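Listed below, chain by chain, are the residues.
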Amino acid sequence: MTQAALFRRDPSVPKAGAQGITSLCSAHPLVIRAGLEYAASTGTTVLIEATCNQVNHLGGYTGMTPADFAARVFAMADDAGLARDRIILGGDHLGPNPWRKQPADAAMAEAEKMVAAYIEAGFSKIHLDASMGCAGEPEALDDETTAGRAARLAKVAEETARRSGRMPPVYIIGTEVPPPGGADHVLTAIEPTSADAARTTIAVHRRVFADAGLSDAFARVVGVVVQPGVEFGNENVIVYDRDKAKALCAVLDGEPNLAFEAHSTDYQGRQPLRALVEDGFAILKVGPELTFALREALYGLDLIAGDLFPDRGPRALYDAMERLMLEKPGDWARHYGGTAENQRIQRHYSYSDRIRYYWNQPEAEAAVADLFARLSGVSVPVTLFRQHLPHFTAFAGTPLDPAALAVAAVGRVVEDYAYASTGRAG
């Protein structure tokens, strides 16, 4: 089976038998471990994606280049006993976004270097997203400009693949509204992308790629990012309503080689996720929910440690993260409003999970390491698990591996998405 075939819909298959794939969008090693271990245990393929801001040729906010990220994933796969050919690496929102404060030519030049670095590192699913305006441009660009810049980046990807001996990648086009990562305000409704807008995006990209001599590359476009009508804010979730998306889903009737890619599907739950796959959203992206589940587990362990070791303080990890986020507010301040107390709650518990940007900070890593060291090998009474982590009583009464518990917490989310992608309980 070709890689493109993994993403293609089969229009002849009834909805109940529709298959999809989950895209795990996180650089956190415990999240990656959860995805790899699930794939190893089930004999499936795992898709792991990095975003342009997270990982790029200059390091991104994680400090990792695409080659660094790939090396981390493959080393962890070896530890998990997962063959490397069962891993697909993807690049999400690859375009000028990290440099959008610069003029377009300068921003696109950096984007070209980034795309080349992704291809050279072995990333084979590339989301081309040049929809955002750069210095002096509108915030969102028209389809013609967006497609022209996407074709420019695709040309770099194609040339780099040939030069480096890599298989040419598959592509995703389009973007979603609102921007990725969740909204900053309470949401009441999200309208799906209109059918006309989706058809226009596809048609313009097809024509622009052909005019640029990139018809072969466009033949490997496997998905289009559209808004199915799902989103999450800091405190609420808009759940998929398939009736509202009927006109949009009908677009795929005329595009048998394409599927839709759904972003911001976090917190939907099994049945709405399954409905998305049945309706043609064959690629489901999840990110913040994975690290939200991780944080839930870490804070539960923090409470258990506080009960077991009074000398440690009742919430040492929580306190360390609060200090860190107050000292470095750049990744949450403009996203969380309201009173000081509301902001404190959102810093730790918001669905948008902006705390995820802090786990790789030295202070956070040290605090988690201290927590794991205190609990490692400790036999925790089942009653403490019932109090603080009731889903994980299986870890009670035996020498505890805190990292394994955290991975299991993320794995619960991974299992929900696996069910959505296959229709079968794992």
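Notes on the structure follow. (Residues numbered from 1 in each chain as written. Predicted model: local features only at pLDDT ≥ 70, side-chain atom pairs only at ≥ 80, totals over all residues. Heavy atoms only, no water.)

Let's shift gears to the packing of helix α11 (residues 316-327) against helix α12 (residues 340-349). One can describe the packing of α11 onto α12 by two numbers: an axis separation of 11 Å at closest approach and a directional angle of 110°. Viewed along their axes, α11 and α12 adopt a mutual orientation that is roughly perpendicular. Handedness of the α11/α12 crossing: right-handed. Across from Y318, M321, E322, M325 and L326 in α11, the residues of α12 making contact are R344, R347, H348 and Y349. Among the residues making up the contact of α11 with α12, the classes are represented as 5 nonpolar, 1 polar and 3 charged. (Axes fitted to C-alpha atoms, helices over the stretch in contact; angles between N-to-C directions. Helix = DSSP H or I, 4+ residues; strand = E, 2+ residues; numbered from the N terminus. Parallel < 35°, antiparallel > 145°, perpendicular 65-115°, else oblique. Left-handed = near helix turned anticlockwise from the far one by under 90°. Contact = heavy atoms within 4.5 Å. Nonpolar A, V, L, I, M, F, W, Y, C, P; charged D, E, K, R; others polar.)

Here we come to the layout of surface pockets. In this structure, the second largest pocket spans a volume of roughly 1100 Å³. If you go around the second largest pocket, you meet 47 residues; those closest to its centre are A18, Q19, G20, I21 and S421. Elements with a minimum of two residues in the lining of the second largest pocket: α1 (3-7), β1 (21-25), α2 (29-42), β2 (46-51), α8 (246-250), α9 (270-278) and α15 (402-422). The element contributing the most residues to the lining of the second largest pocket is α15, with 6 residues. By residue class, the composition of the lining of the second largest pocket is 25 nonpolar, 12 polar and 10 charged. (1 Å grid on protein atoms, 1.4 Å probe; cavity = no way out; pocket = protein on both sides within 12 Å on 5 of 7 lines; lining within 4 Å. Points joined across faces, edges and corners; volume = space filled by probe spheres on them.)

Here R295 lies in helix α10 (residues 288-308). In this structure R295 comes out as buried when scored by relative accessible area, which is 5%. Taking the C-alpha atoms as reference, R295 lies 24 Å from F74; in sequence the two are 221 residues apart. With near-sequence residues (within four places) excluded, R295 lies in contact with H348, Y349, I355 and W359. A polar atom in the side chain of R295 sits 3.1 Å from the backbone oxygen of H348. (Buried < 20%, exposed > 50% of the residue type's maximum accessible area, 1.4 Å probe, protein only. Polar contact = N/O pair within 3.5 Å; in protein donor to acceptor, adjacent residues only side chain to side chain.)

Within β1, 5 of the 5 residues are buried, leaving the element largely enclosed by the surrounding structure. Side chains of β1 alternate between two faces, with I21, S23 and C25 and T22 and L24 buried alike. Sheet analysis places β1 next to strand β10 (residues 283-286), joined by 4 bridges and oriented parallel. Counted as the bridge partner of T22 is L284 from β10. (Pairing = 2+ DSSP bridges.)

Compared with the 16 Å implied by 1.5 Å per residue over 12 residues, the 17 Å span of α11 between its first and last C-alpha is a close match. Buried within α11 we find L317, Y318, A320, M321, E322, L324 and M325. Buried residues along α11 sit in contact with α10, α12 and α13 (362-375). (Expected span 1.5 Å × (residues − 1).)

The next subject is the pattern of salt bridges. Taken as a whole and judged by the stated rule, the model has 27 salt bridges. Of the charged contacts, one joins K285 and E49 as a salt bridge, the two residues approaching to 3.1 Å between their closest N and O atoms. Of this pair, K285 sits in strand β10 while E49 sits in strand β2, and the two are 236 residues apart along the sequence. You'll find K285 and E49 in the same group, each marked buried. (Salt bridge = Lys/Arg side-chain N within 4 Å of Asp/Glu carboxyl O.)

What follows concerns the pairing of strand β6 (residues 221-226). Regular strands place side chains that alternate from one sheet face to the opposite one. Of all 6 residues in β6, 6 are buried, a share of seventy percent or more. As paired strands, strand β5 (residues 170-173) and β6 are joined by 3 bridges and run parallel to one another. Opposite I173, over in β6, you have V224 as the bridge partner. The pairing of β6 with strand β9 (residues 259-262) spans 4 bridges and is classified as parallel. Residue pairing in the sheet places V226 in a bridge with A262 of β9.

Keep in mind these values describe shape, not function.
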